[in-house]
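Each chain, letter by letter, is given below.
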Amino acid sequence: MATEPRHIRIIAIGDNVCDKYLSRGKMYPGGQCVNTCAYVRMNGLEAAYLGKFGDDEVAACNRETLAKLDIDTSHCRSFPGENGFALVTLQGSDRVFLGSNKGGIAKEHPFAFTQEDLRYISGFSLIYTNLNSYIEEDLPLLAKTGVPIAYDFSLRWTDEYLARVAPYVTVAILSCAHLTPEEREREMKKAQAHGISIVLGTIGEEGSWVLYRDNFYYTMAVRAEDVIDTMGAGDSYFAAFLCSLLSDSASGALIEEDEEEMAARLKRAMNKGAAFAARVCAMEGAFGYGVPITGRTQL
């Protein structure tokens, strides 16, 4: 008798912004959590977003885009005031951040998760969030749902931040292109020592490493054929990596006990992440859906 396909769902909890490209006169929906939702959908899995919206044109752009992508936003918060946005320009195909309003209303209001929220979250296969989401105080509560947490530390972690956040995280990504190989290995080992089971360390065009049970695995980057915009390259890699790990398991578990099989799954996930990130670099903004800039463009 055929078995029912497993229902894999990822919820991204945290930031949403529009990236306002002054060089193009367009703004694009984004923020790492919104990007992750879009990339999860592009990888064939179900996604939901739980975050904080303002009441301006940026919030409207993100809400409309998430609806078009069939991403559930039913548990989002709304507040009067300015949504998060970032100012961006391009140097060649590389996006250059000029600054942001630090999340707008998101930094002023706590999530204040309810029991209804937690029941809803507990129905997902994975929680994704990051250090731009003003969520650090909520991680112990989210961890109690029993849903594993994936966390993007970007390139701004410190020893103190790792010690505070890592105990609640199952899989993490660190942007390590600015580090020497020795520094990268040291920082990845620190994250593992604080309790993170799977630690990714990306090094841009030089590829990526993963640390699992004291073993390092490497995969090369995939060269994009037509690079238009590098916005979202790291988010797309991590999203595809996570989707692969969840899908490439008979049980649907993020981690399995068989170490040899787990190593093979990690390598496949890294390769899928690298290939998908190359595809995303051929899109405008993080994943397209640009509209003319409205609202302020000064910080």
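Relevant structure appears above.
This structure is a prediction, so every number in the text was calculated from the model and none was measured.

S.K.: Describe the pattern of salt bridges, listing the residues and the values that go with them.
M.R.: Counting across every chain of the model gives 15 salt bridges. Here Arg268 makes a salt bridge to Asp248, at a shortest N to O gap of 2.6 Å. Of this pair, Arg268 sits in helix α8 (residues 259-280) while Asp248 sits in the loop between α7 (233-247) and α8; the two residues are 20 residues apart in sequence, bridging distant segments of the chain. Taking the shortest distance from any N to any O, the salt bridge between Arg268 and Glu261 comes out at 3.2 Å. Overall, the relative accessible area of 32% leaves Glu261 in the partly exposed class. Each of the salt bridges in this network shares a partner with another, and the network as a whole consists of Asp159, Arg186, Glu187 and Lys190.

S.K.: Lay out the sheet that holds strand β11 (residues 198-202) with the relevant residues and their values.
M.R.: Read from one edge of the open sheet, 9 strands run β5-β4-β1-β8-β9-β10-β11-β12-β13, paired in mixed fashion. Strand pairing shows two members of the sheet lacking a second neighbour, β5 (77-78) and β13 (215-219), which therefore form its edges.

S.K.: Give a detailed account of the packing of α7 against α8, specifying residues and quantitative values.
M.R.: Here α7 crosses α8 at 145°, and the two axes come no closer than 7 Å. Regarding α7 and α8, the two cross each other, and that crossing is right-handed. Side by side, α7 and α8 meet where Ala233, Ser236, Tyr237, Ala240, Phe241, Ser244, Leu245 and Leu246 of the first sit next to Met262, Arg265, Leu266, Arg268, Ala269, Met270, Lys272, Gly273, Ala274, Phe276, Ala277 and Val280 of the second. Each residue belonging to the contact of α7 with α8 can be placed in one class, and the counts come to 14 nonpolar, 3 polar and 3 charged.

S.K.: Outline the packing of helix α1 (residues 32-42) against α7, listing residues and values.
M.R.: Where α1 contacts α7, the axes come no closer than 9 Å and their chain directions differ by 50°. Classified by the angle their axes make, α1 and α7 are oblique. Seen from above, α1 lies across α7 with right-handed handedness. Residue-level contacts link Gln32, Asn35, Thr36, Tyr39 and Val40 of α1 to Asp235, Ser236, Ala239 and Cys243 of α7.

Rules and cut-offs
- Residues numbered from 1 in each chain as written.
- Predicted model: local features only at pLDDT ≥ 70, side-chain atom pairs only at ≥ 80, totals over all residues.
- Heavy atoms only, no water.
- Salt bridge = Lys/Arg side-chain N within 4 Å of Asp/Glu carboxyl O.
- Helix = DSSP H or I, 4+ residues; strand = E, 2+ residues; numbered from the N terminus.
- Buried < 20%, exposed > 50% of the residue type's maximum accessible area, 1.4 Å probe, protein only.
- Pairing = 2+ DSSP bridges.
- Axes fitted to C-alpha atoms, helices over the stretch in contact; angles between N-to-C directions.
- Left-handed = near helix turned anticlockwise from the far one by under 90°.
- Contact = heavy atoms within 4.5 Å.
- Nonpolar A, V, L, I, M, F, W, Y, C, P; charged D, E, K, R; others polar.
- Parallel < 35°, antiparallel > 145°, perpendicular 65-115°, else oblique.

All we've got here are geometric facts, nothing functional implied.
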